[in-house]
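Overview (structure and organization)
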Amino acid sequence: MDPIRIERALLSVSDKTGIVDLAAALAAKGVELVSTGGTATALRDAGLTVRDVSDLTGFPEMMDGRVKTLHPMVHGGLLAVRDDPAHAAAMENHGIGAIDLVVVNLYPFAATVAKGAERNEIIENIDIGGPSMVRSAAKNHAFVAIVTDPADYDAIARGETTLDERKKLAAKAFAATATYDSMIASWFAFADQGERFPQTLPLILNRSGDELRYGENPHQAAAFYAATGPATRGIGQARQVQGKALSYNNLNDADAALELIAEFRTADPTCVIVKHANPCGVATARTLAEAYEAAFACDTVSAFGGVIAVNRPLDAATAQAITGIFTEVVVAPDADAEAVALFAAKKNLRLLLTGELPDPRRSGLAAKSIAGGWLIQSRDNGSIDENALRVVTKRQPTSQEMADCRFAWTVAKHIKSNAIVYARDGATAGIGAGQMNRLESARIAAWKAKDAADKAGWGEARTTGSAVASDAFFPFADGLLAAVEAGATAVIQPGGSIRDDEVIAAADEAGLAMIFTGMRHFRH
């Protein structure tokens, strides 16, 4: 039985790309072509002989094309088990001819939504007959080939298919209909009904490229699946200009860098350096090169083998500075020819160009797998309203302290909790991340600042006269006092501890200015 020669093919596509060439190749092999509506017209215009589905079914297309292929003459020809005597008898008794190949791609639902169409137009672009034919043909893949992707046209143009080919095509077809139904379900839940967490959450993910070399560790397998949709913009959609394939950890770190640099997309030139998904240096300056140098100075050790992101197109001066040490990945909106040429000499460095940076305030969901399920939450797109900031100490912050507080607060949002960030003059001075208590984070950040000063030969650590941000409240005054000891003069934190009065009193006694945001940014 295998391979099966294609005697009759049903072609009904929304995207006409390549369909005429395929039909011509099949016709040259003696395949009878059956088609519908616009596809039939396109094939006839190309000089091909085509039989209308309405001729096959004995019924005209009706109801504005809603009903044309939903008929036993079509689905009987798709679903019949050819070597089952009862099925064969039913086909003969009812004059049902076998269909050996179905080529279908579905109404452009996602594109219709993306263009901002009205609800009625969106509903009309929900395909019914197409998915029905796809599923019928895929179920009966022992005898029928189903093609849903123009990339597979060449493989079937020879006029016959093998069982292995039909299995692969069937798997691809069911994935296509599942994706299509998921898009529709998502639109109904989120856009049409305004649900935040629907009872069933459809996820639409497509594997991007081959499997990754490995996951976080060499004994783990991994792959990258890109989200789909008109508003999707991120590392998964960036253009890789050069360098070897990205690893799991590269992608994870690059995503962390992009999410943070996006917070500064309208700011002065800014550079972010990330290591193991935590920022180890962030700075804003007059030029990108100066911003890089200031970010690098915060932690010259951790920056080695890190990921760098900038908020402006890369220029030669910045590229030259970056190539001074080994860097895994550089992420930028764009890069000029000189910068690209400089990076080209570093064959292992990956350069990713994102175009416009994503909106840090965008909505969306974040997912984390746990044993037995998934935790789903809305993205942390929270930002502080300047009018909501509350100075709780006797001393008001200076304008520079306020600017440094806001800068440190923005960075702290993207650091694993417990997070402490010292910042001065638009640059991080010391970062403490991921400790089990806030006091240790404050001490580590101060120690790293002192170490940076010693390495650079500065007279004092940049924590002197700095602002310090804490991603959540200080549960005790000890963390605050560690910041005072490091030289901080201003503090920004959410507030909300039962010991707030104690912490405020300690700040007043030390002469600090302290701001409450009313919003925390745990990041686990």
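Our subject in this report is the structure included herewith.

How each quantity is defined
- Residues numbered from 1 in each chain as written.
- Predicted model: local features only at pLDDT ≥ 70, side-chain atom pairs only at ≥ 80, totals over all residues.
- Heavy atoms only, no water.
- Pairing = 2+ DSSP bridges.
- Helix = DSSP H or I, 4+ residues; strand = E, 2+ residues; numbered from the N terminus.
- Contact = heavy atoms within 4.5 Å.
- Axes fitted to C-alpha atoms, helices over the stretch in contact; angles between N-to-C directions.
- 1 Å grid on protein atoms, 1.4 Å probe; cavity = no way out; pocket = protein on both sides within 12 Å on 5 of 7 lines; lining within 4 Å.
- Points joined across faces, edges and corners; volume = space filled by probe spheres on them.
- Nonpolar A, V, L, I, M, F, W, Y, C, P; charged D, E, K, R; others polar.

Some remarks on the sheet that holds strand β4 (residues 51-52)
Taken together, 5 strands build an open sheet; the order of strands is β4-β3-β2-β5-β6 and the sheet is parallel. In this open sheet, the two strands that pair with only one neighbour each are β4 and β6 (145-147). Two strands pair when backbone bridges link them, and strand β2 (residues 8-13) and strand β3 (residues 32-35) are joined in this way by 4 bridges, in the parallel orientation. Residue pairing across strands places Leu 10 opposite Val 34, the latter belonging to β3. Contacts from helix α2 (residues 37-45) reach β2, β3 and β4 within the one sheet, and its direction differs from that of β2 by about 110°.

What to know about empty space enclosed by the protein
Following the criterion strictly, the structure yields 1 cavity of 30 Å³ or more and no others. A volume near 30 Å³ is recorded for the largest cavity. Lining the largest cavity, in full, are Ala 297, Cys 298, Thr 428, Ala 429, Ala 449, Ala 452, Trp 458 and Arg 462. Looking at the lining of the largest cavity, the elements with two or more residues in it are α12 (288-298), β20 (427-432) and α16 (438-456). Of the residues assigned to the lining of the largest cavity, the class counts are 6 nonpolar, 1 polar and 1 charged.

A few points about unusual backbone geometry
In this model, Ser 417 is joined to Asn 418 through a cis peptide bond whose omega is 0°. Within the secondary structure, Asn 418 sits in the loop between α15 (399-412) and β19 (420-424). Residue His 276 is not a glycine yet carries a positive backbone phi of 55°. Residue position: His 276 is located in the loop between β11 (270-275) and β12 (278-284). At Ala 277, a position not held by glycine, the phi torsion is positive, near 70°. Within the fold, Ala 277 resides in the loop between β11 and β12.

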